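Fold and geometry: a report
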Amino acid sequence: MNELLNLLKHNALESPENLAKMLGTTAEDVKKQIADFEREGIIRAYQAVVNEEKLDASLVTTVIEVKVTPESEGGFDRIADRISRFPEVDSCFLMSGGFDLLLFIKGRTMQDAFSFVSEKLSTMPGVTSTATHFMMKTYKQNGIVMHTGDDDERLKVSP
């Protein structure tokens, strides 16, 4: 991966001046490279990694395995595109193995997830089956450890 992209993945708020120092180039070169990445669609968005467990109104994250019948003209792409357009869907991946698509959705309650699966997803032409899993706790997300405890990893010693 490009070194600049790697630095931006770790901290998208880093200034072009600091990035330039780390890369041994100029801030103008960094700004131009970032603009090129954005224009070419390599950089799609900038997001904060949020520890939702610390929020009062945390969301229920649901992981859904989906089996589909690929379309003769569009394969998996067309149905994945249609599913991805639902506002509930955070992520959609084509997978190898026992199912075809893996979805991550968020809702306020488990009932929200149930409604999405039963009313929208399972009724779509081409969707043959689903398996739904609820995420209980997030330990690491996007390379960021989410634990909220003491950072001291040493074992506690009692007298």
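These notes cover the structure that comes with them. All chains use their own residue numbering, which begins from 1 and follows the written sequence. This being a predicted model, a pLDDT of at least 70 is required before a residue's local features are given, and a value of 80 or more before pairs of side-chain atoms are given or counted; all residues contribute to the totals for chains, interfaces and linings. The side-chain numbers reported here are obtained from all heavy atoms of the structure, hydrogens and water having been left aside.

On to the sheet that holds strand β3 (residues 101-107). For two strands to be treated as a pair, DSSP must find at least two bridges joining them. Numbering goes from the N terminus for both helices and strands, where a helix is a DSSP run of H or I of at least four residues and a strand is a run of E of at least two. Read across the open sheet, the four strands follow the order β2-β3-β1-β4; overall the sheet is antiparallel. Each edge of the open sheet carries a strand with a single partner, namely β2 (89-94) and β4 (127-134). Neighbour-to-neighbour, the strand axes of the sheet open up by a mean angle of 20°, direction not taken into account. It only takes one pair of heavy atoms within 4.5 Å for two residues to be counted as in contact. Fitted lines through C-alpha atoms serve as axes, helices being fitted only where they are in contact, and the angles separating the N-to-C directions of these axes extend from 0 to 180 degrees. Packed on one face of the sheet, helix α4 (residues 77-84) meets β1 (60-68), β2, β3 and β4 and runs near 165° to β2.

Working note: regular strand, side chains alternate between the two faces of the sheet. The classification of residues rests on relative accessible area computed with a 1.4 Å probe and restricted to protein chains. Under 20% of the type maximum is buried, over 50% is exposed, and intermediate values are partly exposed. Burial analysis of β3 places five of its seven residues in the buried class, the great majority of the element. With seven bridges joining them, β1 and β3 adopt antiparallel strand pairing. Opposite Ile-64, over in β3, you have Leu-103 as the bridge partner. Judged from the five bridges that link them, β2 and β3 form a sheet pairing that is antiparallel. Among the inter-strand pairings, Cys-92 is bridged to a residue of β3, identified as Leu-103. Count of turn residues in the β2/β3 antiparallel hairpin: six residues, of which Gly-97 carries a positive phi of about 105°.

By the element assignment, Asp-100 lies in the loop between β2 and β3. Residue classification places Asp-100 among the buried positions, given a relative accessible area of 17%. In this structure, the C-alpha to C-alpha distance between Asp-100 and Val-66, residues 34 residues apart in sequence, is 5.9 Å. For Asp-100, the residues in contact, after removing those within four places along its chain, are Val-66, Lys-67, Val-68, Phe-76, Phe-93, Leu-94 and Met-95.

It is worth spelling out the packing of aromatic side chains at this point. By convention, a stacked pair of Phe, Tyr or Trp rings (six-membered ring in the case of Trp) has centres within 6.5 Å and planes under 30 degrees apart, an edge-to-face pair has planes over 60 apart, and any other such pair is tilted. What the rule picks out here adds up to two aromatic pairs. Their ring planes at 85° and their centres at 5.4 Å tell us that Phe-86 and Phe-116 sit as a pair that is edge-to-face. Linking Phe-86 in the loop between α4 and β2 with Phe-116 in helix α5 (residues 110-121), this pair joins segments that are 30 residues apart in sequence. Residue class for Phe-116 comes out buried when judged on its relative accessible area of 2%. Arranged with centres 6.2 Å apart and planes meeting at 90°, the rings of Phe-93 and Phe-104 form a pair that is edge-to-face. Of this pair, Phe-93 sits in strand β2 while Phe-104 is found in strand β3, placing the two residues eleven residues apart along the sequence.

Neither His nor the chain ends contribute to the count of charged residues, in which Lys and Arg are positive and Asp and Glu negative. Salt bridges are defined as contacts in which a side-chain nitrogen from Lys or Arg sits within 4 Å of a carboxyl oxygen from Asp or Glu. Of the side chains bearing the opposite charge, Lys-67 lies closest to the buried Asp-100, which forms no salt bridge; the N-O distance is 7.5 Å. Nitrogen and oxygen atoms within 3.5 Å of one another constitute a polar contact, given that in protein one can donate a hydrogen and the other can accept it, and given that sequence-neighbouring residues count only through two side-chain atoms. Engagement of the side chain of Asp-100 in a polar contact is seen with the backbone nitrogen of Val-68, the distance being 2.8 Å.

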